[in-house]
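Below, each chain spelled out in residue letters.
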Amino acid sequence: MREETMRGQILQLLVHNSRLTPEEIGQQIGAEPEEVAKEIQLMEENKVICGYNTLINWENTDREMVTALIEVKVTPQRGNGFDKIAERIYRFEEVKAVYLMSGGFDLTVILEGKSLKEIAFFVSDKLAPIDAVIGTATHFVLKSYKDHGVIISQGDKKEDKRMIVSP
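Everything quoted here is computed from the prediction, not taken from an experiment.

Peer 1: Any details on the pattern of salt bridges? Residues and values, ideally.
Peer 2: Pairs can form between side chains of opposite charge whenever their charged atoms are close. Throughout the structure, instances matching the rule amount to four salt bridges. A salt bridge links E87 to R91; its shortest N-O distance comes to 2.9 Å. We note a salt bridge from E94 to K126, for which the minimum N-O separation is 2.6 Å. With E94 in the loop between α4 (83-90) and β2 (95-100) and K126 in helix α5 (residues 116-127), the pair connects residues that are 32 residues apart, well separated along the chain. Since its relative accessible area comes to 26%, K126 is described here as partly exposed.

Peer 1: Describe helix α2 (residues 22-29), with residues and values.
Peer 2: Taken together, the buried positions of α2 are occupied by I25, G26 and I29. Down the axis, α2 shows its buried residues gathered within 100° of arc, on one side only. Where α2 is buried, its residues contact α1 (6-16) and α3 (33-45). Among the residues trailing α2, G30 stands out with phi positive, at a value near 75°.

About the cut-offs
Residues numbered from 1 in each chain as written. Predicted model: local features only at pLDDT ≥ 70, side-chain atom pairs only at ≥ 80, totals over all residues. Heavy atoms only, no water. Salt bridge = Lys/Arg side-chain N within 4 Å of Asp/Glu carboxyl O. Helix = DSSP H or I, 4+ residues; strand = E, 2+ residues; numbered from the N terminus. Buried < 20%, exposed > 50% of the residue type's maximum accessible area, 1.4 Å probe, protein only. Arc of directions from axis to C-beta. Contact = heavy atoms within 4.5 Å.

Such coordinate-based values are descriptive only and should not be taken to indicate function.
Structure (structure tokens):
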């Protein structure tokens, strides 16, 4: 097995905690902070690192948030395939992600909105009218258990209040 590169080590650390400083990363991988900072900057410039996000459990806030996964069937455009259609969709502010899929539909669109009505409006007034879109199916997230490798909720774990009985 080949030794993991410094770049790979940095990425493995950042994927779990993007708030780590070059000093902290350097300590963990045995590299100088300046060397780590330079490598991170190169990865940002080359779009290896595309951004840094904060994972929020909206259920623990007073803000209402609805997440939807929308299956989209499209007619690919000559010469552009799915790329132009995907670009048109991901340019909408509400859209959090767009993926090209294999299987029974072509694109998965992940959307966040304040209400079911807002999601429905997006599908009916923005997504469905696109010429290449031939069908959609919308699925709503009811509860998040794990997101981006982080456990959000461990189900309805209730404290066991039964009395311990022993012989």
